[in-house]
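Chain by chain, the residues run as shown.
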Amino acid sequence: MSMYRRRRARGFTLVELLVVLAILGLLAGLVGPQVMNFLGSSKTKTAALQISDLGAALDLYRIEVGRYPSTAEGLQALVADPGNAPNWSGPYLRRAEVPKDPWGNDYNYRAPGQHGPFDIWSYGADGQPGGDGENQDVTSWSS
């Protein structure tokens, strides 16, 4: 009996290791793509939240200055006085810098906008107009 215990205590058999590796491979194959989809959708949601925050800052800018920043002034007018805004009392963003989208690109801004008083958008992960999934455009207006 003690010889059997010593033999079992030495380690796992090759069959046991292969079964564990097969199970881990199946889990990685099933769970991995779902995790990647979740990460992609969370970046899209983050971009939508940032665009919403930028819109709120733009509304505060308009209340104080009397107009939205022009396209030429851009979102930078939220953190630095553009020079022609008499009641500017910013910065209007907490960090005093315009955030980049979750993919590291600048947000696009246009005022007056084609969809409202201003348009803010990100082209998504691929940086190109259109797309779906993680490459979809994230906008301040409803499509």
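None of these values were measured; they are calculated from a predicted model. (Residues numbered from 1 in each chain as written. Predicted model: local features only at pLDDT ≥ 70, side-chain atom pairs only at ≥ 80, totals over all residues. Heavy atoms only, no water.)

Some thoughts on the nonpolar core
Ranked by internal contacts, the top residues of the largest apolar core, which has 23 residues, are Leu-58, Tyr-61, Leu-75, Leu-78, Tyr-109 and Ile-120. With 7 residues, the single largest contributor to this core is helix H2 (residues 14-65). Excluding its chain neighbours within four sequence positions, the residues that come into contact with Leu-58 are Tyr-68, Pro-69, Leu-75, Leu-78, Tyr-109, Phe-118 and Ile-120. (Core = buried A, V, L, I, M, F, W, Y, C linked by side-chain atoms within 4.5 Å. Buried < 20%, exposed > 50% of the residue type's maximum accessible area, 1.4 Å probe, protein only. Helix = DSSP H or I, 4+ residues; strand = E, 2+ residues; numbered from the N terminus. Contact = heavy atoms within 4.5 Å.)

Re the sheet that holds strand S2 (residues 119-122)
In space, the 3 strands of this open sheet follow the order S1-S2-S3, with antiparallel pairing throughout. Both outer strands of the open sheet, strand S1 (108-110) and strand S3 (138-139), are each paired with one neighbouring strand and no more. Both S2 and S3 contribute to a ladder of 2 bridges, which runs antiparallel. Its bridge partner lying in S3, Trp-121 is registered against Thr-139. (Pairing = 2+ DSSP bridges.)

Focus: the packing of aromatic side chains
If you walk through the whole model with that rule in mind, you get 5 aromatic pairs. Between Trp-88 and Tyr-92, the aromatic rings sit 5.8 Å apart at their centres with planes inclined by 90°, giving edge-to-face as the arrangement. Of the two residues, Trp-88 and Tyr-92, neither departs from the other in class, the shared state being buried. Seen in terms of ring centroids, Trp-121 and Trp-141 are 6.1 Å apart; in terms of plane orientation they differ by 65°. Their pairing is edge-to-face. Separated by 20 residues along the polypeptide, Trp-121 in strand S2 and Trp-141 in the segment after S3 bring together distant segments of the chain. Grouping aromatic residues by their ring pairs yields a cluster made of Tyr-61, Trp-88 and Tyr-92. (Phe/Tyr/Trp six-rings, centres within 6.5 Å; stacked < 30°, edge-to-face > 60°.)

Details of the pairing of S2
Burial along S2 is two-sided: the residues Asp-119 and Trp-121 and Ile-120 and Ser-122 are all buried. Looking at chain direction, S1 and S2 are connected through 3 bridges and run antiparallel. What sits directly across from Asn-108, in S2, is Trp-121.

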